[in-house]
Amino acid sequence: MEKTIDEKIQGSTLVLGDKTLNSRKLYIESYGCAMNFSDSEIVASILTNEGFNTTQNLAEADLVLVNTCSIRDKAEQTIRKRLTEYNAVKKTRPHMKVGVLGCMAERLKDKLLDEEKIVDMVVGPDAYKDLPNLIKEVDDGRDAVNVILSKEETYGDIAPVRLNSNGVTAFVSITRGCDNMCTFCVVPFTRGRERSRDPQSILAEVNELWEKGFREITLLGQNVDSYLWYGGGLKKGFEKASEMQKATAVNFSQLLELVAKTQPKMRIRFSTSNPQDMTLDVIRTMAKYDNICKHIHLPVQSGSNRILKEMNRLHTIEEYFELIDNIRKILPDCSISQDIITGFPTETEEDHKATLKALEYVKYDFGYMYAYSERPGTMAARKMKDDVPEPVKKRRLSEIITLQREHCQYRTEQHLGKVQEVLIEGSSKKSTEDWMGRNSQSTVVVFPKENYKIGDLVNVEVYDCTSATLIGKAIRYSNNN
Ligand code: SAH
Ligand code: F3S
């Protein structure tokens, strides 16, 4: 039915008898980790059921939701700047509402409303099902807040609406929260206790993704190795579970096997692994199934045992190396990537050298490296002084990045002359004549498009490389569907 201009301008609810035709437009922006991007798809699903349509055009948005990250101060500063920009837009479009989701919402709570007055709504990561009610409050002219953390919520019953999707790769969340309490990390405070999602709902989502044409999934959790399903609730309650619950419990390696078997042609990745929880069973399961990609993201944070202890990482560097040795033995072709923090409180030159030594030992395929950023409320912030001067943190960081870059080059060169199985994700950023995809090890591969299409799994012979990209040519159609 055609709307009047007035209704179009209002852009809000149009009531027809007892039927509500809602034409509101939702604009979601996500920052930070993959879990946030995955959560935004859950939020989009909840609000699509409420009659919202998602838009990528800010100019037509009635509701702007910003899914935020608190992991480092810089992330928060970037988001604050963005919120100020939205606030400026609101001056010309007063009906547009702005909500903050995710970790900053949980960390700062109603401070964002009271002191800073830059948003209309604050919603923590476990409260997204309450969004319809909160939006009603905002519509009625009140600020709305829900930052209650849950011990059960996994959103397992919600089918995510895929946002900005290439139609080929998707995230599937398997756990929420984290119980690890690394002393530098804000996540346990912003995302709450760790809980696992029902395997049946995970399998149902994977099956649906396959039906829709998706060809690769990444199972997501802050710490996937501690996945444990015995009927719901906190993992810590497992000791009290009944014999029956214990007998039918599913751990991460079993879940991985279930997913791999259920969709034998779906490529499977997972992130993130925690060295203290990763078992040999997980590595053996990876070896058993061709469709499980051979890449492990295994954050090390530091090479110094003293610093690892201060960080409350519950392993030594020797134990970490032993795990690396086992991965190399069982999965010789597996790529390994890292996260490292430089300049954690009390870090000495000797500790820093130990981190460089760890890099040399593993020669990671790639990595994510950060200067320590003190996060209010964490154990490190409460108990330790942020005493490594900024220039020292930066210099150590740049030494680590330089060494890592050499290793990236070394690792990509190992693929030269070899044939790689590549899943096509889209056009290469540099040339519309080329496809971009990834091999099993998650290295980016580009090659001429010829007659191939997005979603094809193609054998590509690699003849050149940069430190991060393999360059090749398709040699034959390998398989599809
Ligand atoms: N287990 C999580 C880790 C989340 S944080 C996962 O799924 O990836 C990602 C990385 O950010 C951490 O591994 C750590 O290297 C870095 N990080 C976390 N807190 C930090 C801080 N306060 N300062 C600098 N880097 C930090
Ligand atoms: Fe953070 Fe350590 Fe958990 S890095 S997310 S507390 S595993």
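Only a predicted model underlies this, so the values are computations on that prediction, with no experimental measurement involved.

Novice: Explain the domain arrangement of the protein chain to me, please; I cannot follow it from the model alone.
Specialist: Often the size quoted for an interface is simply the accessible area lost on bringing the parts together. On domain assignment, one finds that the protein chain holds domain 1 (14-146), domain 2 (169-413) and domain 3 (419-477). Between the C-alpha centres of domain 2 and domain 3 the distance comes to 27 Å. Taken together, the contact between domain 2 and domain 3 spans 16 residues of the former and 18 residues of the latter. Both faces combined, the contact of domain 2 with domain 3 buries some 1200 Å², and carbon together with sulfur accounts for 53% of it. When the buried area of domain 2 at its contact with domain 3 is split by residue, Arg267, Arg269 and Thr412 rank highest and sum to 42% of it. For the interface between domain 2 and domain 3, the tally reads zero salt bridges.

Novice: I would appreciate a short explanation of the site of ligand 1 in the present structure.
Specialist: Ligand 1 sits among 14 residues. The nearest are Gln222, Thr272, Gln301, Asp339 and Ser373. At 3.2 Å from an oxygen atom of ligand 1 is found a side-chain nitrogen or oxygen belonging to Arg72. Within the side chain of Asp339, a nitrogen or oxygen atom sits 2.6 Å from an oxygen atom of ligand 1. When ligand 1 sits alone it has 550 Å² of accessible area, and the protein chains cover 86% of it. Listed by contribution, the elements that provide at least two residues to the shell around ligand 1 are β17 (335-342) and β18 (366-371).

Novice: Teacher, can you tell me more about the site of ligand 2 here?
Specialist: All residues in the neighbourhood of ligand 2 are listed as Cys178, Asn180, Met181, Cys182, Phe184, Cys185, Val187, Pro188, Gln222, Asn274 and Arg313. Residue composition of the shell around ligand 2, by class: seven nonpolar, three polar and one charged.

Cut-off values and rules
- Residues numbered from 1 in each chain as written.
- Chains lettered and ligands numbered in written order.
- Predicted model: local features only at pLDDT ≥ 70, side-chain atom pairs only at ≥ 80, totals over all residues.
- Heavy atoms only, no water.
- Domains from an automatic or database assignment.
- Contact = heavy atoms within 4.5 Å.
- Buried area = accessible area lost by both parts, 1.4 Å probe.
- Salt bridge = Lys/Arg side-chain N within 4 Å of Asp/Glu carboxyl O.
- Near = heavy atom within 4 Å.
- Polar contact = N/O pair within 3.5 Å; in protein donor to acceptor, adjacent residues only side chain to side chain.
- Areas by Shrake-Rupley, 256 points an atom, 1.4 Å probe, with all protein chains shown as cover.
- Helix = DSSP H or I, 4+ residues; strand = E, 2+ residues; numbered from the N terminus.
- Nonpolar A, V, L, I, M, F, W, Y, C, P; charged D, E, K, R; others polar.

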